[in-house]
Amino acid sequence: MTTPLILGLLAGAILSGTSLLYATLGETIAERSGIVNLGLEGILLIGASVGFSVTAASGNAWLGLFAAGMAGGLANLLFGWLVVTRKANQLASGLAMMFFGFGASALIGARYVGAVIVGLPKWRPSWLAGFRWVKATTLFNYDLLTWVAIPVAVLVWWALFRTRWGLGVRAVGESPAVAFAAGRNPAVLQYQALSCGGVLGGLAGAHLSLSLTLTWSEYMTAGRGFIVIALVIFSKWNPLRAIAAALLFGGAESLQLQMQARGSLISPFLLDMSPYILTLIILVAWGGSRRLAAPAGLGRTFYGSE
Amino acid sequence: MKSGLSVSWIVLACCLAAPPAFSDPTQLIIGVVYVGAINDYGYNASFHQALTQVATNLPGVKLVEVENVPESGEAERVMEGLVQQGAKLIFPTSFGYQDSARKVAKRHKDVAFAFAGDGDTAKNFGVFFGSTQAAMYPMGVAAGKMTKTNKLGFVIGMPIGYALGNVNAFQLGARSVNPKARTVVVVTGGWSDKAKEAEAANALLDQGCDVVAMHVDSPKTVIQTVEARGGMSIGFQSVEARVLAPKGWITGLGFTWAPYFTELAKSVITGRFRGEAVYQGLGKMVAIAPFGASVPPDVQDLVNTVAAKVEKGFNPFTGPLTDNTGNLVLPPGAKVGADQMGRMNWYVDGVIGKAR
């Protein structure tokens, strides 16, 4: 029985798109407050490693998931201390955070490489399980993170664009000086945005280790943190567009694997490049309009509140 | 065989600095360089287990192990460090260490190297590997008997000759007992990209495969993914992997290096080490894992019979063989030996995939 390509693609896109979406949402919140965290890859790794280690040690994947979120939030607070309080260069600090993440995650996870865990439980509504094509794929057989991914994206959008807090975050991202003059504290808002973003990044990493692979291995994110930084640009710093961005990129990755599984005669090396070619196309396509959408204060250090 | 940055080896390398105790009657220090972690249920675990056995069985043998060493200039520095620590026998266990290992071996003629790979040998540089390809033939027999959909999946890291050989022997074995069996190959593009391995296994199951085999550094992710979806798996690298699939495990191949490594260690201690190329297959460096509970006794007997044939020298790569594009790649009577496996660049008829 061969599943239609489109269903296989969709199943794969959701499978690999879930962690991409959480990470994109996290980075979007941080960048909306004017801070770009190039060390997201490290945050994902810390989330994956802490989530797996705590799950392996405690036998409870929920505890692991919680710990991963906390660890991601803490790691981003450390980053915040560097770039907000110490006013260090964001790009350099981000790269330093990335290497910190490589090392810290390797150290934390070392004892648990090869551990066998029971991952996050998955549910599929029984009325959906009756459909033949659904049963043949992973469609609708999801863990909690996947089920609530889109509601979380809507929630992030609501928080950023429909609340006073979100207005403050965005104002700081556009111009910390103006926000400061209007009585908002840029440093506090940036710390808040970074910790929310870190929690989402930690959860994204945990999805890889606690649901998709049930494995911890060093550098298992394999560059997804960097892809996400491109996805934030692609989605124009909008949490709702991020849903489409994550699905599209997840779909590109799934396309090459599904095509191979269907016996496509296209070279696997060429197919393997497709997600990255897509990233390049996206960056080129949006290149001209980037200025219009990016928070004006992104990447700049604010010295004024001292 | 892993792409990716790693820093933990630095930590380990620093630990090497501890001086040996005075009372230690150390006769030989064995240095080992791993590309991954030693408890990966896979490739690295197979070497670690074998060398631990050697250190336990031979008095005075000490192991110095460095994990997660990237296949770059770092490997050369790590091996230099091992030499400085007094290692007289070094195992560069990943194929990508070849250039680094050869450079270090040229500089230190008094240190023996046993490289897990192929290529030229020197007085102090031996090469070895377990030939899994012929042993994959009985694995294919098991898969061909167990499949209900007649579609077998195979996840490989990269389309190198050894991996292609495994796929081909698997398909030939499956076809020998099930004329309808076909093997679908998915290449992940790396030996240790876990997320892609999970997605590849899912894609194969989506497309109707019900048995999945693999050639990646650690079989853990693929086996667990297949098990969670109710599929069956054929393991690779370490026979221990069977605990990962209590329901869907059929059987698998694992490496049993310990006897050969013991010989090597003894030859270094007695000063008789000579760099040789040693390739051993089923029954020596390669073993078949116990069968899963779901495998009927008649299938077990059949697989064991075929395995015995392979142990006695049966070569599945015997012409006439056509590749999956219809070309005759092996004329009648011609054979591909274990030593030529690295150059294999075609898929046999019945494999769904593109070799180049």
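Sequence order sets the numbering: in each chain, residues are counted from 1 along the sequence as written. As they are written, the chains are lettered A onward and the ligands numbered 1 onward, keeping that order. Totals for whole chains, interfaces and linings use every residue, but because this is a predicted model, local features are given only for residues with pLDDT of at least 70 and side-chain atom pairs only at 80 or more, for both listing and counting. Excluding hydrogens and water, the side-chain values take into account all heavy atoms of the structure.

**Points about the packing of helix α1 (residues 5–32) of chain A against helix α12 (residues 224–234) of chain A**
Residue and element names in this part refer to chain A.
Then comes step 1: Running from N to C, α1 and α12 cross one another at 60°; their axes reach a closest spacing of 9 Å. In this view, α1 runs oblique relative to α12, as classed from their interaxial angle. Relative to α12, α1 is oriented so that their crossing is right-handed. Residue-level inspection shows Leu 20, Ala 23, Thr 24, Glu 27, Thr 28 and Glu 31 of α1 in contact with α12, the latter providing Arg 224, Val 228, Ile 229, Leu 231 and Val 232. Helix axes use the C-alpha atoms of the stretch in contact, all axes being lines fitted to C-alpha atoms, and the angles between their N-to-C directions lie in the range 0 to 180 degrees. Labels follow the DSSP assignment, with helices taken as runs of H or I lasting at least four residues and strands as runs of E lasting at least two, numbered in each case from the N terminus. Angle categories are assigned with fixed cut-offs, so that under 35 degrees is roughly parallel, over 145 is roughly antiparallel, 65 to 115 is roughly perpendicular, and the rest are oblique. Handedness of each helix crossing follows the sense of rotation of the near helix against the far helix: counterclockwise by less than a right angle gives left-handed, clockwise gives right-handed. A contact between two residues is defined here by any heavy atoms of the two lying within 4.5 Å.

**So, the pattern of salt bridges**
Then comes step 1: One side-chain nitrogen of Lys or Arg within 4 Å of one carboxyl oxygen of Asp or Glu is enough to make a salt bridge. Counted according to the given criterion, the structure contains nine salt bridges over all chains.
Then comes step 2: In this structure, the salt-bridge partner of Arg 224 of chain A is Asp 193 of chain B, at a minimum N-O distance of 3.9 Å. With Arg 224 of chain A in helix α12 and Asp 193 of chain B in the loop between β7 (182–187) and α7 (194–206), this pair bridges two chains. For the pair Arg 224 of chain A and Asp 193 of chain B, a shared accessibility class is recorded, and that class is buried.
Then comes step 3: Notably, a salt bridge pairs Arg 229 of chain B with Asp 206 of chain B, separated by 2.9 Å at the nearest N-O pair. Here Arg 229 of chain B is found in the loop between α8 (220–228) and β9 (232–235), whereas its partner Asp 206 of chain B is found in helix α7, with 23 residues between them in sequence.
Then comes step 4: For every residue, the accessible area (1.4 Å probe, protein chains only) is compared with the maximum for its type, and the residue is labelled buried under 20%, exposed over 50%, or partly exposed between those bounds. Overall, Arg 229 of chain B belongs to the partly exposed group, its relative accessible area being 26%.
Then comes step 5: Several salt bridges share partner residues, and in doing so they unite Glu 76, Glu 80, Lys 103 and Arg 107 of chain B into one network.

**Considering helix α5 (residues 133–146) of chain B**
Residue and element names in this part refer to chain B.
Then comes step 1: Helix span is expected to be 1.5 Å times the residue number reduced by one. Between its first and last C-alpha, α5 extends 20 Å over 14 residues, near the 20 Å set by a 1.5 Å rise per residue.
Then comes step 2: Counting buried residues along α5, twelve of its 14 residues qualify, which places the element largely inside the surrounding structure.
Then comes step 3: Looking only at α5, the buried set comprises Gln 133, Ala 135, Met 136, Tyr 137, Pro 138, Met 139, Gly 140, Val 141, Ala 142, Ala 143, Gly 144 and Met 146.

**Digging into the interface of chain B and chain A**
Then comes step 1: Contact with chain B, which involves 43 residues of that partner, is made by 46 residues of chain A.
Then comes step 2: The interface formed by chain B and chain A holds one salt bridge in total.
Then comes step 3: As used in this structure description, the phrase polar contact means that two N or O atoms lie within 3.5 Å; if the pair is within protein, one of them must be able to donate a hydrogen and the other to accept it, and residues adjacent in sequence are counted only when both atoms belong to side chains. One can count ten residue pairs in polar contact (both at pLDDT 80 or more) joining chain B with chain A.
Then comes step 4: Broken down by secondary-structure element, the contributors of at least two residues to the side of chain B that touches chain A are β7, α7 and α8 of chain B.
Then comes step 5: With eleven residues, the single largest contributor to the side of chain B that touches chain A is α7 of chain B.
Then comes step 6: Taken together, the residues of the side of chain B that touches chain A sort by class into 17 nonpolar, 15 polar and eleven charged. Classes in brief: Ala, Val, Leu, Ile, Met, Phe, Trp, Tyr, Cys and Pro nonpolar; Asp, Glu, Lys and Arg charged; the others, Gly included, polar.

**Some thoughts on the side chain of Thr 93 of chain B**
Then comes step 1: Along the polypeptide, Thr 93 of chain B turns up in the loop between β3 (89–92) and α4 (98–107).
Then comes step 2: Not counting residues within four places of it along the chain, the set of residues in contact with Thr 93 of chain B comprises Val 32, Val 33, Tyr 34, Val 35, Tyr 43, Phe 47 and Ala 116 of chain B.

**Remarks on the sheet that holds strand β2 (residues 61–66) of chain B**
Residue and element names in this part refer to chain B.
Then comes step 1: By this definition, two strands are paired if DSSP reports at least two bridges between them. Spatially, six strands are ordered β2-β1-β3-β4-β5-β11 in an open sheet, and the strand pairing comes out parallel. Two strands bound the open sheet, and with one partner strand each, they are β2 and β11 (277–280). With strand direction ignored, the average angle separating the axes of adjacent strands in the sheet is 20°.
Then comes step 2: In this sheet, strand β5 (residues 125–130) lies alongside strand β4 (residues 112–116) in parallel orientation, the contact comprising four bridges. In the strand pairing of β5, Ala 114 is matched with Gly 126.

**Description of the nonpolar core**
The nonpolar side chains of soluble globular proteins are, as a tendency, buried together.
Then comes step 1: Of all hydrophobic cores here, the largest spans 104 residues; its most connected members are Ile 30, Leu 89, Phe 91, Phe 128, Phe 261 and Phe 317 of chain B.
Then comes step 2: Source of the domain bounds: an automatic or database domain assignment. Both of domain 1 (8–131 + 257–280) and domain 2 (133–254 + 288–352) of chain B provide at least three residues apiece to this core.
Then comes step 3: Definition of nonpolar core: a set of buried residues of the types Ala, Val, Leu, Ile, Met, Phe, Trp, Tyr and Cys, connected through side-chain atoms within 4.5 Å. The next biggest cluster of nonpolar side chains, apart from the first, holds 80 residues, and it includes Ile 29, Phe 79, Leu 145 and Met 220 of chain A.

**Quick look at the side chain of Glu 197 of chain B**
Then comes step 1: Positionally, Glu 197 of chain B belongs in helix α7.
Then comes step 2: With residues near it in sequence (within four places) discarded, Glu 197 of chain B still touches Thr 188, Trp 191, Ser 192, Val 216, Ser 218, Thr 221 and Val 222 of chain B.

**Considering unusual backbone geometry**
Then comes step 1: Following Gly 319 of chain B, the chain continues into Pro 320 of chain B via a peptide bond in cis, with omega recorded as 5°.
Then comes step 2: Backbone geometry places Leu 214 of chain A, a non-glycine residue, at a positive phi of 55°.
Then comes step 3: With respect to the helices, strands and loops of the structure, Leu 214 of chain A is situated in the loop between α11 (186–212) and α12.
Then comes step 4: On the accessibility criterion, Leu 214 of chain A (16% relative accessible area) is buried.
Then comes step 5: Of note, the phi angle at Asn 150 of chain B is positive, near 65°, even though the residue is not glycine.
Then comes step 6: With respect to the element layout, Asn 150 of chain B can be found in the loop between α5 and β6 (151–156).

**Observations regarding the sheet that holds strand β15 (residues 351–352) of chain B**
Residues and elements named next belong to chain B.
Then comes step 1: Taken in spatial order, the seven strands of this open sheet run β12-β10-β9-β8-β6-β7-β15, and their pairing is mixed. Looking at which strands have only one partner, the edges of the open sheet turn out to be β12 (286–288) and β15.
Then comes step 2: Both strand β8 (residues 211–215) and β9 contribute to a ladder of three bridges, which runs parallel. Each bridged residue has a counterpart across the sheet, and for Ala 213 the counterpart in β9 is Ile 234.
Then comes step 3: Its contacts with the sheet place α7 against β6, β7 and β8, and it is angled at close to 165° to β6.

**Quick look at the domain arrangement of chain B**
Many authors give the size of an interface as the accessible area that is lost as the parts come together.
Residue and element names in this part refer to chain B.
Then comes step 1: Per the domain assignment, the segments of chain B are domain 1 (8–131 + 257–280) and domain 2 (133–254 + 288–352).
Then comes step 2: One C-alpha centre belongs to domain 1, the other to domain 2, and the line joining them spans 30 Å.
Then comes step 3: Contact residues are listed per partner, giving ten residues for domain 1 and 14 residues for domain 2.
Then comes step 4: Its largest share of buried area at the contact with domain 2, domain 1 owes to Tyr 41, Tyr 43 and Ser 131, together 53% of the area lost on that side.
Then comes step 5: Summed over the shared surface of domain 1 and domain 2, the number is zero salt bridges.
Then comes step 6: The interface formed by domain 1 and domain 2 includes three residue pairs in polar contact (both at pLDDT 80 or more).
Then comes step 7: Among the residues forming the side of domain 1 that touches domain 2, the class breakdown is four nonpolar, four polar and two charged. Here's the idea: put two parts together, see how much 1.4 Å probe accessible area each one loses, and the total over both is what we call buried area.

**Concerning the pairing of β2 of chain B**
All names here are of chain B.
Then comes step 1: Note: strand β1 (residues 28–33) against β2, six bridges, orientation parallel. Within the sheet, the bridge partner assigned to Ile 30 lies in β2 and is Leu 63.
Then comes step 2: Seen with the strands pointing away from the viewer, any crossover whose path from the first strand over the helix to the second strand runs clockwise is right-handed. Handedness of the β1-helix α2 (residues 43–57)-β2 crossover: right-handed.

**Considering the layout of surface pockets**
Then comes step 1: Points on a 1 Å grid over protein atoms alone make up a cavity when a 1.4 Å probe fits among them but cannot get out, and a pocket when they form an open set with protein on both sides within 12 Å along at least five of seven lines; lining residues each have an atom within 4 Å of a point. Grid points are joined across faces, edges and corners, and a volume is the space filled by probe spheres set on the points. As a volume, the largest pocket reaches approximately 1,000 Å³.
Then comes step 2: Together, 48 residues line the largest pocket, and Thr 225, Glu 227, Ala 228, Arg 229 and Gly 230 of chain B are the ones closest to its centre.
Then comes step 3: Where the lining of the largest pocket is concerned, the elements lending two or more residues are α1, β2 (142–143) and α11 of chain A together with α7 and α8 of chain B.
Then comes step 4: Of the residues assigned to the lining of the largest pocket, the class counts are 19 nonpolar, 19 polar and ten charged.

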